[in-house]
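Survey of secondary and tertiary structure
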Amino acid sequence: SRFGLLGGVADLGKLELIQTQTVSGVNSVEFTNIKEDIYNVHFITINNFTQNGGDNFGMRFLLSNDSGSTYETSNYQMAYFEITPDGNNSENRSTSRTHFQNTIVTLDKDTSPRSVGGGYYYLYNAGDSSKYTYQTNQTSSGVGASIGFSFGSAVYTVAETINAFKFDDFGNSYSLFGTYSLYGIAES
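As the structure is a prediction and not an experimental result, all values here were calculated from the model.

Calculation notes
- Residues numbered from 1 in each chain as written.
- Predicted model: local features only at pLDDT ≥ 70, side-chain atom pairs only at ≥ 80, totals over all residues.
- Heavy atoms only, no water.
- pLDDT = per-residue confidence, 0-100.
- Helix = DSSP H or I, 4+ residues; strand = E, 2+ residues; numbered from the N terminus.
- Salt bridge = Lys/Arg side-chain N within 4 Å of Asp/Glu carboxyl O.
- Buried < 20%, exposed > 50% of the residue type's maximum accessible area, 1.4 Å probe, protein only.
- Phe/Tyr/Trp six-rings, centres within 6.5 Å; stacked < 30°, edge-to-face > 60°.
- Polar contact = N/O pair within 3.5 Å; in protein donor to acceptor, adjacent residues only side chain to side chain.

Of the residues in the protein chain, 78% have a pLDDT of 70 or more, and the chain-wide mean is 82. Between the elements of the protein chain, mean pLDDT differs from a low of 67, seen in strand E7 (residues 100–103), to a high of 94, seen in strand E1 (residues 15–26).

Quick look at the structure:
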């Protein structure tokens, strides 16, 4: 029902915090209890993101159907657009990815002061075994007067229950830093 007991409108779309992780120097950030049986839509925020290693900030976003014991490495499709701090832009598309691409565009890792970024992500249908899992995202970063941004969407083309996910450093020995928060969006 859209109306509460006292006749008021219910709190549809209310964000409910599931977990926050502040990390320093890790290779991945895992969320293994996403409460997919409760929430059809998840909202993820990343703040104060920086990275040690790699030419640009970027993370893979991998899905799991076994609570994080293993992560799926096929059946992803994605498209995103980015503008780098030097003013270049590009559109990237693929129907055969091994992960969701999550670029937080930056200047080179060796800039001083170091670039800092952030973004937000929506994840749809993770707990519905009859539907594909979708993701949309928008990220930005900057140092001084130079900024970059990226936005895009992706789909995991297997209809199954997704009950965990992680951000990682593309399997390299980078170090990720920042605050990652996972929310469920209440539907009633």
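Here the focus is the pattern of salt bridges. Tallied over the full model, the rule gives three salt bridges. For Arg93, the salt bridge identified is with Glu91, shortest N-O distance 3.1 Å. You can call Glu91 exposed: its relative accessible area is 53%. Between Lys131 and Asp128 there is a salt bridge whose closest N-O contact spans 3.9 Å. Lys131 sits in the partly exposed class, given a relative accessible area of 40%. The exposure class of Asp128 is partly exposed, given its relative accessible area of 22%.

You can see Ile83 is positioned in strand E5 (residues 76–83). Since its relative accessible area comes to 25%, Ile83 is described here as partly exposed. In this structure, the C-alpha to C-alpha distance between Ile83 and Ser150, residues 67 residues apart in sequence, is 6.5 Å.

All chains considered together, the criterion is met by 15 aromatic pairs. Ring centres of Phe61 and Phe165 lie 4.8 Å apart, and the angle between their planes is 55°; this geometry places the pair in the tilted category. Remark: Phe165 occurs in strand E11 (residues 164–168) and Phe61 occurs in strand E4 (residues 58–64); sequence separation between them is 104 residues. Note on accessibility: Phe61 and Phe165 belong to one class, buried. When the centroid spacing of 5.2 Å and the interplanar angle of 45° are considered together, the rings of Tyr76 and Tyr156 count as tilted. Highlighted residues: Tyr76 in strand E5 and Tyr156 in strand E10 (residues 146–156), separated in sequence by 80 residues. Judged by its relative accessible area of 0%, Tyr76 is buried. Exposure remark for Tyr156: the relative accessible area of 1% places this residue in the buried category.

As a further point, take the side chain of Ser150. You can see Ser150 is positioned in strand E10. Polar side-chain contacts of Ser150 include one of 3.4 Å to the backbone oxygen of Phe81.

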